[in-house]
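Chain residues, written in single-letter form:
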Amino acid sequence: MTPVTLATADLGALLQLLPVQRAGLALLLAAIGLPVIGVVIVGLDIMPVRFAMMHVALLGIAIGLLAGLDPMLCALVACALAGAGVAPLARTPDGLSGAMGLLMSLAIAAALLVLAVSGVNASGAFALLWGSILSVETPDLLVLGVLAAVVPGLFWWRRRDIGLLLYDRELAQCSGVPVRALTAALLVLVAIAVAGAIKLTGALLVDALTLLPALAARRLGGSLRSITLWAVGIGVTVNATGFLLALWLDWPPGPVLVLTAGALVLAVHFIPERRISSWRAPASASLPSSH
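The rules behind these values
- Residues numbered from 1 in each chain as written.
- Predicted model: local features only at pLDDT ≥ 70, side-chain atom pairs only at ≥ 80, totals over all residues.
- Heavy atoms only, no water.
- Helix = DSSP H or I, 4+ residues; strand = E, 2+ residues; numbered from the N terminus.
- Contact = heavy atoms within 4.5 Å.
- Areas by Shrake-Rupley, 256 points an atom, 1.4 Å probe, with all protein chains shown as cover.
- Phe/Tyr/Trp six-rings, centres within 6.5 Å; stacked < 30°, edge-to-face > 60°.
- Lys NZ or Arg CZ within 6 Å of the ring centre and 35° of its normal.
- Expected span 1.5 Å × (residues − 1).
- Buried < 20%, exposed > 50% of the residue type's maximum accessible area, 1.4 Å probe, protein only.
- Salt bridge = Lys/Arg side-chain N within 4 Å of Asp/Glu carboxyl O.
- Bend = angle between axes of the 7 residues up to and from the residue.
- Axes fitted to C-alpha atoms, helices over the stretch in contact; angles between N-to-C directions.
- Parallel < 35°, antiparallel > 145°, perpendicular 65-115°, else oblique.
- Left-handed = near helix turned anticlockwise from the far one by under 90°.
- Nonpolar A, V, L, I, M, F, W, Y, C, P; charged D, E, K, R; others polar.
- Core = buried A, V, L, I, M, F, W, Y, C linked by side-chain atoms within 4.5 Å.
- Patch = residues over 30% accessible without salt bridge, like charges linked within 9 Å, V, L, I, M, F, W, Y side chains within 5 Å.
- Polar contact = N/O pair within 3.5 Å; in protein donor to acceptor, adjacent residues only side chain to side chain.

**Re the overall build of the protein chain**
Okay, so step 1: Within the protein chain, the secondary structure is distributed over 14 helices and 0 strands.
Okay, so step 2: Traced from its N-terminal end to its C-terminal end, the protein chain shows the element sequence α-α-α-α-α-α-α-α-α-α-α-α-α-α.
Okay, so step 3: A sequence separation of at least 24 residues applies to 76% of the contacts in the protein chain between residues at least 6 apart.
Okay, so step 4: Looking at the protein chain as shown, the accessible area adds up to about 13300 Å², and 70% of this sits on carbon and sulfur atoms.

**Thoughts on the packing of aromatic side chains**
Okay, so step 1: The full count for this structure, using the stated rule, is 0 aromatic pairs.
Okay, so step 2: Across from the ring centre of Trp157, 5.1 Å away, lies the NZ or CZ of Arg158, which sits over that ring.
Okay, so step 3: For the cation-ring pair, Arg159 lies above Trp156, with the distance from its terminal atom to the ring centre recorded as 4.0 Å.

**Structural notes on helix α7 (residues 138–157)**
Okay, so step 1: When the terminal C-alpha atoms of α7 are compared, their 28 Å separation across 20 residues agrees well with the 28 Å that a helix rising 1.5 Å per residue should span.
Okay, so step 2: Buried within α7 are the following residues: Asp140, Leu141, Leu144, Leu147, Ala148, Val151, Leu154 and Phe155.
Okay, so step 3: Along its buried surface, α7 packs onto α2 (18–44), α8 (159–167), α10 (179–201) and α12 (224–249).

**Some details on the pattern of salt bridges**
Okay, so step 1: Summed over all chains, the structure comprises 2 salt bridges.
Okay, so step 2: When the shortest N-O distance is used, the salt bridge between Arg158 and Asp161 registers 2.4 Å.
Okay, so step 3: On the accessibility criterion, Arg158 (22% relative accessible area) is partly exposed.
Okay, so step 4: A residue is classified by how much of its surface remains accessible, and Asp161, at 12% relative accessible area, is buried.
Okay, so step 5: Linking Asp161 and Arg160 is a salt bridge whose minimum nitrogen-to-oxygen distance equals 3.6 Å.
Okay, so step 6: Using a relative accessible area of 25% as the deciding quantity, one classes Arg160 as partly exposed.

**Quick look at α2**
Okay, so step 1: When the terminal C-alpha atoms of α2 are compared, their 38 Å separation across 27 residues agrees well with the 39 Å that a helix rising 1.5 Å per residue should span.
Okay, so step 2: Where α2 bends most, at Ala31, the angle is about 40°, and the proline Pro35 comes one to four residues later.
Okay, so step 3: Of all the 27 residues making up α2, 19 are buried; the element is thus mostly covered by neighbouring parts of the structure.
Okay, so step 4: Immediately downstream of α2, the backbone of Asp45 shows phi near 55°, a positive value.

**Topic: the packing of α2 against α10**
Okay, so step 1: Taken N-terminus to C-terminus, the directions of α2 and α10 make an angle of 140°; their axes are 10 Å apart at the nearest point. Judged by the angle between their axes, α2 and α10 are oblique. In the crossing of α2 with α10, the sense of the turn from one axis to the other is left-handed. Residues Ala26, Leu27, Ala30, Leu34, Ile37, Val40 and Ile41 of α2 touch α10, and the partners they reach there are Leu186, Leu189, Val190, Ala193, Ala197 and Leu200.
Okay, so step 2: Grouping the constituent residues of the contact of α2 with α10 by class yields 13 nonpolar, no polar and no charged.

**Here's the deal with the side chain of Asp140**
Okay, so step 1: The topology assignment puts Asp140 in helix α7.
Okay, so step 2: The buried category is assigned to Asp140, whose relative accessible area is 15%.

**Let's talk about the nonpolar core**
Okay, so step 1: Counting 85 residues, the largest nonpolar core has Val39, Met53, Val56, Met100, Leu103, Ile162 and Leu200 as the members making the most contacts within it.
Okay, so step 2: With 14 residues, α2 is the single largest residue contributor to this core.

**Section: a nonpolar patch on the surface**
Okay, so step 1: Taken together, the side chains of Leu245, Trp248, Leu249 and Trp251 make up a nonpolar region of the molecular surface, amounting to roughly 370 Å² of accessible area.
Okay, so step 2: Tracing the backbone shows Leu249 in helix α12.
Okay, so step 3: Under the relative-accessibility criterion, Leu249 is labelled partly exposed at 31%.

**A few points about unusual backbone geometry**
Leave glycine aside and you will find that most residues have negative phi; peptide bonds, for their part, are mostly trans.
Okay, so step 1: Unlike most non-glycine residues, Asp250 shows phi in positive territory, near 60°.
Okay, so step 2: Here Asp250 is to be found in the loop between α12 and α13 (253–268).

**Describing the side chain of Asn239**
Okay, so step 1: Within the secondary structure layout, Asn239 lies in helix α12.
Okay, so step 2: Only 2.8 Å separates the side chain of Asn239 from the backbone oxygen of Leu27, close enough to count as a polar contact.
Okay, so step 3: When sequence neighbours within four positions are dropped, the list of residues in contact with Asn239 reads Leu27, Ala30, Ala31, Leu209 and Leu257.

Below, the structure is given as structure tokens:
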């Protein structure tokens, strides 16, 4: 048998294993909800949110280890509370970035202090930096499943309001959109999504599931709706391709997912500019049809 045939046979055997099947299902669920979160991150221009929530998740895990609770559950709760907590500070787009910077600094300082004072083994907390996709369990799937239902559902239900908010905050407020409440809800979802994705790729590589599909989609879509659909389609393609390739080559899934998503983003950017639309103008133009 040729090396390719052997590798293909090994891949078929791996796909029969329960941990691999759970990991594949987790990536499929993640591809439905998390790229939409990436659209929010890009639209609100809050790129630092990934780093802020990584540090908040680290604090939550440290607290969980200290209290003897489920570390990932504590990370999810900590990120949700942090997302809601910074919303009142986010009165402007600049305020969002500033609030995330403050949150990131405070969270990492508190996490390091908890780990140092308590004497808890920090290796478990810092393991989140690298992820462990084959250790996905039923609670992780439940979180991703809820995100896969809630995030697209919220976008469809409030698509006009979200489109206005992502286009222009002041215009949204003048149009009667509940800007503060909607921003708070989106920030909580972003925070939970980032925490939920950490186990799949690790905190350092979470962009593969959230931001990179959105960056490619905004160059392919002509409206907020089409950008969102492109983001989900790209997420499914990248996750399936990257995961199967990682299994076939026996490489770590996280880096392979990032490289696969990055290659797709670069390929999309080679499309001539005249054939693609900008991010914000088409979104605003399509808003009246979203009623």
